[in-house]
Amino acid sequence: MKKTFLALTFIAASLPIVWAAEDGFVPLFNGKDTTGWHLRNPAGHNSWTVDKGILKNTVNKGDHGTDLVTDKKFQNFTVKYEFLVPDNSNSGFYLRGRHEIQILGDFASGKTSLGGNGALYNFKAADKFVSKPGDQWQTAEATIIGDKITVVLNGVKIHDNVECRK
């Protein structure tokens, strides 16, 4: 099983990735540029920049960001990431390009939902509500082995070997 690490940050609906290495994990972002990454839709606009070691998907209100995809393909793996998502901001982290772990600034709601933070988007809500306010960093660790997904959000297991065959 491969282990990968990346940290995500959301600042004003942007998606930054901070480079860091951990034992057994391979960094996916070099902290300098988007080497190793490409746009899902190369014909679209590129909203990604690197600023002080942070990869940001800067989006104006009402606009939609662009998807960034690793050049390498991963089958069975664990990925760790960190993010800061402002209240009411919306994004996601895809496993294998098809299973989305929702990233949503939903702290004020106080409850889980199919589209809430940590949900397997539109498939299964998180087992527990553990979202943090928009000014606090959140951590996630997701493992996908075969068709089973486990997610730990902010130190709490919110999905345990959920079968995803979509």
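Positions within a chain are numbered from 1, following the residues in the order the chain's sequence is written. In keeping with the predicted nature of the model, local features appear solely for residues at pLDDT of at least 70, side-chain atom pairs appear and are counted solely at 80 or more, and the whole-chain, interface and lining totals rest on all residues. Each side-chain value is worked out from all heavy atoms of the structure, with water and hydrogens disregarded.

## Re the nonpolar core
Heads up, the rule is: Among buried residues, those of type Ala, Val, Leu, Ile, Met, Phe, Trp, Tyr and Cys that are joined through side-chain atoms within 4.5 Å constitute a nonpolar core. Here's how the labels work: a residue is buried when its accessible area is under 20% of the maximum for its type, exposed when over 50%, partly exposed in between, all with a 1.4 Å probe on protein chains only. In DSSP terms, a helix is any run of H or I states spanning at least four residues, a strand is any run of E spanning at least two, and both are numbered starting from the N terminus. We call two residues in contact when some of their heavy atoms are within 4.5 Å.
The biggest cluster of nonpolar side chains holds 29 residues, and the ones touching the most others in it are Val79, Tyr81, Phe83, Leu95, Ile101 and Ile149. Among the elements of the structure, strand S5 (37–39), strand S9 (77–83), strand S10 (90–95), strand S11 (99–104), strand S12 (138–145), strand S13 (148–153) and strand S14 (156–163) are those that each provide at least two residues to this core. A per-element tally of this core places S9 first, with 4 residues. The residues contacting Ile149, other than those within four sequence positions of it, are Leu95, His99, Leu120, Thr143, Ile144, His159, Asp160, Asn161, Val162 and Cys164.

## Some words on the environment of Asn117
Worth spelling out the cut-off: Polar contact criterion, stated in full: a pair of N or O atoms within 3.5 Å, where within protein one must be able to donate a hydrogen and the other to accept it, and residues adjacent in sequence count only if both atoms are side-chain atoms.
If you trace the backbone, Asn117 turns up in the loop between S11 and S12. The class of Asn117 is buried, set by a relative accessible area of 6%. Residues Asn117 and Ser91, 26 residues apart in the sequence, show an inter-C-alpha distance of 9.2 Å. Every residue in contact with Asn117, bar those within four places of it in the chain, is listed here: Phe83, Gln102, Ile103, Leu104, Asp106, Ala126, Ser131, Gln138 and Leu153. Polar side-chain contacts of Asn117 include one of 3.1 Å to the backbone nitrogen of Leu104. Engagement of the side chain of Asn117 in a polar contact is seen with the side chain of Gln138, the distance being 3.0 Å.

## Concerning the packing of aromatic side chains
What counts, and what does not: Whether two aromatic rings pair depends on their centres lying within 6.5 Å, for rings of Phe, Tyr and Trp, where Trp uses its six-membered ring; planes under 30 degrees apart make the pair stacked, over 60 edge-to-face, and the rest tilted. For a lysine, the NZ atom is tested; for an arginine, the CZ atom; a charge sits over a ring if that atom is within 6 Å of the ring centre and within 35 degrees of the ring normal.
Across all of its chains, the model carries 3 aromatic pairs by this definition. With a centroid separation of 6.1 Å and 35 degrees between ring planes, the pair formed by Tyr81 and Phe83 is classed as tilted. In this structure, Tyr81 and Phe83 share a single accessibility class: buried. Of the aromatic side chains, those joined through ring pairs into one cluster are Tyr81, Phe83 and Phe93. Sitting above the plane of the Tyr94 ring, Arg40 keeps its charged end 5.4 Å from the centroid.

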